[in-house]
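Close look at the chain arrangement
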Amino acid sequence: MLRVNDIIQVLKSSRNPTDFWLLTSGLNLSRENAKRLKKAGLTGVLVSLDHHEESAHNDFRKTKDSFAWAHEAVRNAIEADILTGLTICPTREYVSSGNMERYMKLAKEWGVAFVQILEPKPVGHYKDKDVILRAKEVKILDDIFLTMNFRSYYADYPVISYHGYYQRRVGCLAGANRNVYVDTDGDLHACPFCQSKTGNALSDNFAASLQKVKENGCHTFKNATI
Ligand code: SF4
């Protein structure tokens, strides 16, 4: 969002019907920028929020205004009629039914359409750290996913999108199955969390590179065969 003018340029030069999503901390997603992005054709916004408590989210982000940015961004995106969700990467310490319910309550109050749960992987800030969720945390997330998505009591809550739930059952749909990640150099990866450069979208044979991404798969889950 520090290069919002470039984003708008990309949106305007795209061919329909491409869906564009903005993944953001919320920084700089002002009311005016949200309106400009909508007008340029943005489909949706996913705002990262790591904790339902303001101070805990700010501490994690090491920025005292992070929570406020996220909230403001959500408000502005919804007001501009952009499909809006929150995304959380819950740590082992965070995962409990109480915390997840409080998070979902906040998401409902903020008015987002859905919440995406992404499990921590040892990449980026977590490189070489023991962050993979254990069976007990996965069980809590599975239960929350099923309860809050399918019990009528929670019908007016945002939908939960929890990729780990189906990845454990049918395999991963990234890795050039339904989805592939192309970084800013044009290099192909299975997804943003499974980074192993496998060919370049600009200089290599695209079909062959895609095939290689498929063959390499993911280090955590098998590729889906559907
Ligand atoms: S490739 Fe691996 S890390 Fe990436 S989405 Fe699939 S399962 Fe997750």
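Up top is the structure.
Counting starts from 1 at the beginning of each chain's written sequence and moves along it residue by residue. Residues qualify for local features only when their pLDDT is at least 70, as the model is predicted, and side-chain atom pairs are given and counted only at 80 or more; totals for whole chains, interfaces and linings, by contrast, use all residues. Hydrogens are left out, water is left out, and the side-chain values use all remaining heavy atoms of the structure.

1. Focus on the packing of aromatic side chains
Rules: Ring geometry is summarised as follows: Phe, Tyr and Trp rings, the Trp one being its six-membered ring, pair when their centres sit within 6.5 Å, and such pairs are stacked at plane angles under 30 degrees, edge-to-face over 60 and tilted between the two. Strands here mean DSSP runs of E at least two residues long; helices mean DSSP runs of H or I at least four residues long; both are numbered from the N terminus. Think of it in three bands: with a 1.4 Å probe and only protein chains considered, a residue is buried below 20% of the maximum accessible area for its type, exposed above 50%, and partly exposed in between. We call a charge positioned over a ring when the NZ of a Lys or the CZ of an Arg lies within 6 Å of the ring centre and within 35 degrees of the ring normal.
Taken as a whole, this structure holds seven aromatic pairs when the rule is applied. Centre to centre, the rings of phenylalanine 67 and tryptophan 110 are 5.4 Å apart; their planes meet at 70°, and the pair counts as edge-to-face. Of this pair, phenylalanine 67 sits in helix α4 (residues 66-79) while tryptophan 110 sits in helix α5 (residues 97-110), and the two are 43 residues apart along the sequence. Overall, tryptophan 110 belongs to the buried group, its relative accessible area being 10%. Aromatic side chains phenylalanine 145 and tyrosine 162 sit 6.1 Å apart centroid to centroid with 70° between the ring planes, which places their arrangement in the edge-to-face category. In this pair, phenylalanine 145 is assigned in helix α6 (residues 135-150) and tyrosine 162 in strand β5 (residues 159-162), connecting sequence segments 17 residues apart. Taking relative accessible area as the criterion, phenylalanine 145 reaches 11% and is therefore assigned buried. In textbook terms, an aromatic cluster arises when at least three aromatic residues are bridged by ring pairs, as seen for Phe145, Phe150, Tyr162 and Tyr165. Over the ring of tyrosine 165 we find arginine 169, and its NZ or CZ is 3.7 Å from the ring centre.

2. Structural notes on the pairing of strand β4 (residues 114-117)
In summary, the side chains of a regular strand alternate between the two faces of the sheet. What counts, and what does not: DSSP-based pairing: two strands are paired if at least 2 bridges between them are found. The handedness rule is simple: strands pointing away from the viewer, and a clockwise path from the first strand over the helix to the second, make the crossover right-handed.
Alternating positions in β4 separate into two faces, Phe114 and Gln116 on one and Val115 and Ile117 on the other, with burial throughout. Of the pairings in the sheet, the one linking strand β3 (residues 83-88) to β4 comprises four bridges and is parallel in character. Paired with isoleucine 88 across the two strands is isoleucine 117, which belongs to β4. Once you follow β3 into α5 and on to β4, the crossover reads as right-handed. Of the pairings in the sheet, the one linking β4 to β5 comprises four bridges and is parallel in character. Opposite valine 115, over in β5, you have isoleucine 160 as the bridge partner. Following the chain from β4 across α6 to the adjacent parallel β5, one finds a crossover that is right-handed.

Geometric values such as these leave the question of function open.
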